[in-house]
Amino acid sequence: MSHIDRSGNVIRVIGDLNDFHFLLAQIHQCIENAGFNDLVLDMSECTSAFQNSMLSVCAQVLAYREAGIDISLIPPRNTRLSNLFRNTNWGYFLDPHKFDISHFRGHTRIPATRYANPDEQQNAVNKIVNVILGALPDLQRSNLASFEWAVNEITDNVLVHSQSSIGGLVQVSTFQKNSKSVQFVVADAGVGIPETLRTGRPEIRSDTEALDQAIREGVTRDSNIGQGNGLFGTYRVCTKSNGHFQVDSGHARLEANPKQGLSIRNQNIPYAGTLVVATIDFSDPSLLEDALRFGGRAYRPTDYVETMYEGNEGEQIQFKLIDECHAFGSRVAGKPLRQKLLNIINICEHNGIGIDFDGAPVVSSSFADEVFGKLFLQLGPIQFMQRVKLINMTDTVEGLVNKAIAQRMQHGTADLD
Ligand SMILES: Nc1ncnc2c1ncn2[C@@H]1O[C@H](COP(=O)(O)OP(=O)(O)OP(=O)(O)O)[C@@H](O)[C@H]1O
Ligand SMILES: [Mg+2]
């Protein structure tokens, strides 16, 4: 539990920050009621925080800063948490004087990214999908396509509907402890779903009713602009996969989870914008096969692998190592690369793949083993030889990769996570 208090223009967060409503209410009061133009967010005693709360706080702080309010952060004293603030970009968004923008290249987390136009949105989504390809094992096409479709729709809504002065923030985390799932969070500081939806549907009386309507098929503020698929489809992908779905906007929160089903509650403290938290569980890929259905018909969106890699059937996929990987020295760098290769090889079942070493530096033995030794073992010799071509290798690299594969064949399947 957290304790949040305010003394003058200093707002303190003590303990675990679970829900963001009270913190945002304190910030609101400090600025709007007490009239402060500068504000200190003291999180030195904060012990834990999660992306769903933090992204909404970041969006609101960015909007206040854009409106001329000076906000500074006292970062958490807890080293693990302050590193998280740095790596996720929360620190940068809350206080750009104290934190630089994060260049963190984690394999399970992607820093929060701000986007304000369609190009930035596309870049953010591509970066996210790219990391997911390397982060999760055994991805099926329906997993990847549904996830990518949903991230696209929810991030797009911010640009199309929200009128958010700061654009949107998007962040993604993967979880693999109990289930294989991915959570993405999108936050904006715009006018909120109830307000936009009411423009086309004036009969909507409450914010709870607005959220209830917004996730239904075909409900849009303006059928000249949208089809009302985005929230409906994302809700379906999350719930069909036994994941979670949550929307906060205005005075309402909509939540769906496998235990309690769908609930929509009134919130005394409003959220000035929209926050969508979508968790998709990939543990049973068959659940997602027909998750996307519109007008009674199954819908198959194009996906990143199709756009970036897959040519026509039977064509060889071009996979340039130097574009895919930034470090060639360690197992830590090698593992996501192998995961990605395996996912692409599985998803594009009718294509071979040409892994091109042109321009890549000499790899280390551990990298060669992590990527090629283990890939050889996982695919098996026949599949490896039929599907994978290694192109433009120097003699040195060829020697290293040969040795890695030979040793893996001797040592069997140990440590193939
Ligand atoms: N971030 C947001 N800010 C404000 N309003 C939103 C936001 N996201 C959705 N809405 C409202 O919810 C409605 C439904 O959204 P949804 O994504 O389901 O459909 P759409 O965007 O209208 O159409 P489509 O997604 O098919 O292009 C929108 O028309 C809009 O009124
Ligand atoms: Mg939409």
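Worth saying up front: this structure is predicted, and the values here are computed from it rather than measured. (Residues numbered from 1 in each chain as written. Chains lettered and ligands numbered in written order. Predicted model: local features only at pLDDT ≥ 70, side-chain atom pairs only at ≥ 80, totals over all residues.)

## Digging into the overall build of the protein chain
No. 1: A tally of helices and strands in the protein chain yields 15 helices and 15 strands.
No. 2: The C-alpha atoms of the protein chain give a radius of gyration of 23 Å, which matches the 22 Å a tight globule of 417 residues would have.
No. 3: Here the C-alpha coordinates of the protein chain stretch approximately 70 × 50 × 35 Å along the principal axes.
No. 4: Taking all 417 residues of the protein chain together, the buried fraction comes to 44%.
No. 5: Of all intrachain contacts in the protein chain linking residues separated by at least 6 positions in sequence, the fraction that spans at least 24 positions is 70%. (Helix = DSSP H or I, 4+ residues; strand = E, 2+ residues; numbered from the N terminus. Rg over C-alpha atoms; globule rule 2.2 N^0.38 Å. Buried ≥ 20, exposed ≤ 12 C-beta atoms within 10 Å, placed from the backbone. Contact = placed C-beta atoms within 7 Å.)

## Digging into the sheet that holds strand S6 (residues 109–115)
No. 1: What the five strands build is an open sheet, ordered S6-S7-S8-S10-S9; its pairing is antiparallel. The sheet is open, and its two borders are formed by S6 and strand S9 (244–257), each paired with just one other strand. Pairs of neighbouring strands in the sheet enclose a mean axial angle of 20°, with direction left out of account.
No. 2: Sheet analysis places strand S8 (residues 181–188) next to strand S10 (residues 261–281), joined by eight bridges and oriented antiparallel. Of the residues in S10, the one forming a bridge with Ser181 is Asp281.
No. 3: Its contacts with the sheet place helix H8 (residues 207–214) against S9 and S10, and it is angled at close to 40° to S9. (Pairing = 2+ DSSP bridges. Axes fitted to C-alpha atoms, helices over the stretch in contact; angles between N-to-C directions.)

## A short note on the site of ligand 1
No. 1: Taken together, 24 residues are adjacent to ligand 1, and Asn157, Thr220, Arg221, Gly226 and Gly230 come closest.
No. 2: Among the secondary structure elements, those contributing two or more residues to the shell around ligand 1 are helix H6 (141–162), helix H7 (193–200) and helix H9 (230–240).
No. 3: Take the shell around ligand 1: its biggest share by element is six residues, from H6.
No. 4: Of the residues belonging to the shell around ligand 1, the class tally is eight nonpolar, 13 polar and three charged. (Near = placed C-beta within 6 Å. Nonpolar A, V, L, I, M, F, W, Y, C, P; charged D, E, K, R; others polar.)

## Thoughts on the pairing of strand S7 (residues 168–175)
No. 1: With five bridges joining them, S6 and S7 adopt antiparallel strand pairing. From the neighbouring strand, Thr113 faces S7, where its bridge partner is Val170.
No. 2: In this sheet, S8 lies alongside S7 in antiparallel orientation, the contact comprising eight bridges. Along S8, the bridge assignment pairs Ser173 with Gln183.

## Re the domain arrangement of the protein chain
No. 1: According to the domain assignment, the protein chain contains domain 1 (1–102), domain 2 (105–303) and domain 3 (309–411).
No. 2: One C-alpha centre belongs to domain 2, the other to domain 3, and the line joining them spans 34 Å.
No. 3: Each side of the interface is counted separately: domain 2 has eight residues, and domain 3 has six residues.
No. 4: Every element with two or more residues in the side of domain 2 that touches domain 3 is listed here: helix H5 (118–135) and H6.
No. 5: Counting residues per element, the side of domain 2 that touches domain 3 draws most heavily on H5, which supplies three residues.
No. 6: Here the residues of the side of domain 2 that touches domain 3 sort into five nonpolar, two polar and one charged. (Domains from an automatic or database assignment.)

## Quick notes on the environment of Thr279
No. 1: Summarising the element assignment, Thr279 is placed in strand S10.
No. 2: If we skip the residues at most four places from it in the chain, Thr279 touches Ser181, Gln183, Cys238, Gly243 and His244.

## Comments concerning the environment of Ile355
No. 1: Structurally, the position occupied by Ile355 is in strand S14 (residues 353–356).
No. 2: A C-alpha to C-alpha distance of 28 Å links Ile355 and Lys180, two positions 175 residues apart in sequence.
No. 3: With near-sequence residues (within four places) excluded, Ile355 lies in contact with Phe319, Leu321, Val388, Lys389, Leu390 and Ile391.

## Digging into helix H2 (residues 51–66)
Along an α-helix, a turn takes 3.6 residues, which lines up residues three or four apart on a common side.
No. 1: In a regular helix each residue adds 1.5 Å, so 16 residues correspond to 22 Å; H2 covers 22 Å between its end C-alpha atoms and thus fits that length.
No. 2: Among the 16 residues that make up H2, 13 are buried, leaving the element largely enclosed by the rest of the structure.
No. 3: Backbone geometry just after H2 places Gly68 at a positive phi near 100°. (Expected span 1.5 Å × (residues − 1).)

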